[in-house]
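Chain residues, written in single-letter form:
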Amino acid sequence: MQKKRSVLVMLGWNDPAVLRTIGRFARDTGWHIESRIFYTEQVPNGWRGDGMLVSSGTREDVRRFICRQAPFQPTVVIGGNSLGFAAPSVQGDDREAGRLAARHFGHLLQALL
């Protein structure tokens, strides 16, 4: 049996769609998600796990924690914010989202005319 991976999720914002997606992936792959910081607002100093999903947020203590921990485990930055170290990142494509919205509303307007 494969060891259950423990992944820390520390995002500086709360997007229910992103959290649902992470949760669904975690359930499907057998990850344990550590996300207590959403509720306790305490940085999990001394935390050891298998990886982190992070964003820069605004708190300096969170930023320092992420920068300290990132060299010791796989880390993926969610969003376009730079944390001062090289890591893979996942970002939205605002330009494509705008094109899709314009196309959608254009079709609605044509249907009304």
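Residues numbered from 1 in each chain as written. Predicted model: local features only at pLDDT ≥ 70, side-chain atom pairs only at ≥ 80, totals over all residues. Heavy atoms only, no water.

**Concerning the environment of A87**
Our working rule: Only DSSP runs of H or I with at least four residues qualify as helices, and only runs of E with at least two residues qualify as strands; both kinds are numbered from the N terminus onward. Three labels apply to residues, based on accessible area from a 1.4 Å probe with only protein chains included: buried if under 20% of the type maximum, exposed if over 50%, partly exposed otherwise in between. The contact rule is simple, with two residues in contact once any of their heavy atoms fall within 4.5 Å.
As for its placement among the helices and strands, A87 is situated in the loop between strand 4 (75-78) and strand 5 (89-90). You can call A87 partly exposed: its relative accessible area is 27%. For the pair A87 and V76, spaced 11 residues apart in sequence, the C-alpha separation works out to 6.0 Å. Sequence-distant contacts of A87, defined by excluding residues within four places in its chain, comprise T75 and V77.

**Quick notes on the nonpolar core**
Put simply, the rule is: Here, the term nonpolar core denotes a set of buried Ala, Val, Leu, Ile, Met, Phe, Trp, Tyr and Cys residues that are joined through side-chain atoms within 4.5 Å.
Counting 13 residues, the largest nonpolar core has L8, M10, M52, V54, V62, F65 and I66 as the members making the most contacts within it. The set of elements that each furnish at least two residues to this core consists of strand 1 (6-10), strand 3 (51-54) and helix 3 (60-69). For this core, the leading source of residues is helix 3, giving 3 residues. Discounting residues that sit within four places of it in the chain, V54 has contacts with M10, L11, I66, T75, V76, V77, I78 and L83. Core analysis: the second largest hydrophobic core is formed by 6 residues, V7, L11, I22 and L53 among them.

Read these as geometric descriptors, not functional statements.
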